[in-house]
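Architecture and fold: a report
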Amino acid sequence: MKAVVSGNGKSIEYLFEREAATAILGFEYDSLDRVQSNGVFLREAVNLFGQDSPTPPPWNFVAHSMGTLVTRSAIEQPGPSALPGPSGRAIFLCGPHLGSGVIDNLQGRNLLGDLLSILTTNGFMDFRNRD
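This section reports on the structure supplied with the text.

About the thresholds
- Residues numbered from 1 in each chain as written.
- Predicted model: local features only at pLDDT ≥ 70, side-chain atom pairs only at ≥ 80, totals over all residues.
- Heavy atoms only, no water.
- Helix = DSSP H or I, 4+ residues; strand = E, 2+ residues; numbered from the N terminus.
- Buried < 20%, exposed > 50% of the residue type's maximum accessible area, 1.4 Å probe, protein only.
- Contact = heavy atoms within 4.5 Å.
- Axes fitted to C-alpha atoms, helices over the stretch in contact; angles between N-to-C directions.
- Left-handed = near helix turned anticlockwise from the far one by under 90°.
- Nonpolar A, V, L, I, M, F, W, Y, C, P; charged D, E, K, R; others polar.
- Polar contact = N/O pair within 3.5 Å; in protein donor to acceptor, adjacent residues only side chain to side chain.

1. Points about the overall build of the protein chain
When helices and strands are tallied, the protein chain shows 5 helices and 4 strands. N-terminal to C-terminal, the α/β element order of the protein chain is β-α-β-α-β-α-β-α-α. A total of 131 residues make up the protein chain; the buried ones form 24% of that total. In the protein chain, of all internal contacts separated by at least 6 residues, the share reaching a separation of at least 24 is 62%.

Here it is, written out as structure tokens:
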């Protein structure tokens, strides 16, 4: 069984000690890149990792937070793939699958303009000409 995990070395050792995994692929993604782009990269990494096998191995995915969106994107892409495989599983921990209130509030905002407005209104900055 193969697993994709992101985490500390202890969780990886735990899986190997209990023979819960025969190989582990840790996948780090660029959090500033689009989720879909990272999903493509994850899919490519998994397919590359299992390309020597005559049949795609089953994969188990363990993902947290934004990693759940990246993993979900990789799994949901159309086309043949080893994701997650016939007996594979995907475990998503604390994923924002329904969106994020913080991000919703920031959409379309001019954060620099808001910050300057707050600083000038409260007297922390002054833009008057001193001449």
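2. Digging into the packing of helix 2 (residues 35–49) against helix 3 (residues 66–76)
Between helix 2 and helix 3, the least distance of the axes is 7 Å, while the angle of their chain directions is 65 degrees. The crossing of helix 2 and helix 3 is right-handed. Between helix 2, through Val35, Gln36, Asn38, Gly39, Leu42 and Arg43, and helix 3, the contact on the second element is made entirely by Met66, Leu69, Val70, Thr71, Ser73, Ala74 and Ile75. Tallied by class, the residues present in the contact of helix 2 with helix 3 amount to 7 nonpolar, 5 polar and 1 charged.

3. A short note on helix 3
For helix 3, the set of buried residues is Gly67, Thr68, Val70, Thr71, Ser73 and Ala74. Elements in contact with the buried residues of helix 3: helix 2, strand 3 (59–64) and strand 4 (89–93).

4. Let's talk about the side chain of Asn60
Here Asn60 is to be found in strand 3. Among the polar contacts made by the side chain of Asn60, one reaches the main-chain amide nitrogen of Arg89 at a distance of 2.7 Å.

5. Some thoughts on unusual backbone geometry
Even without being a glycine, Ser65 presents a positive backbone phi close to 55 degrees. Take Ser65: it is sitting in the loop between strand 3 and helix 3. The phi dihedral of Cys94 is positive, around 55 degrees, even though this residue is not glycine. Considering the arrangement of structural elements, one finds Cys94 in the loop between strand 4 and helix 4 (101–106).

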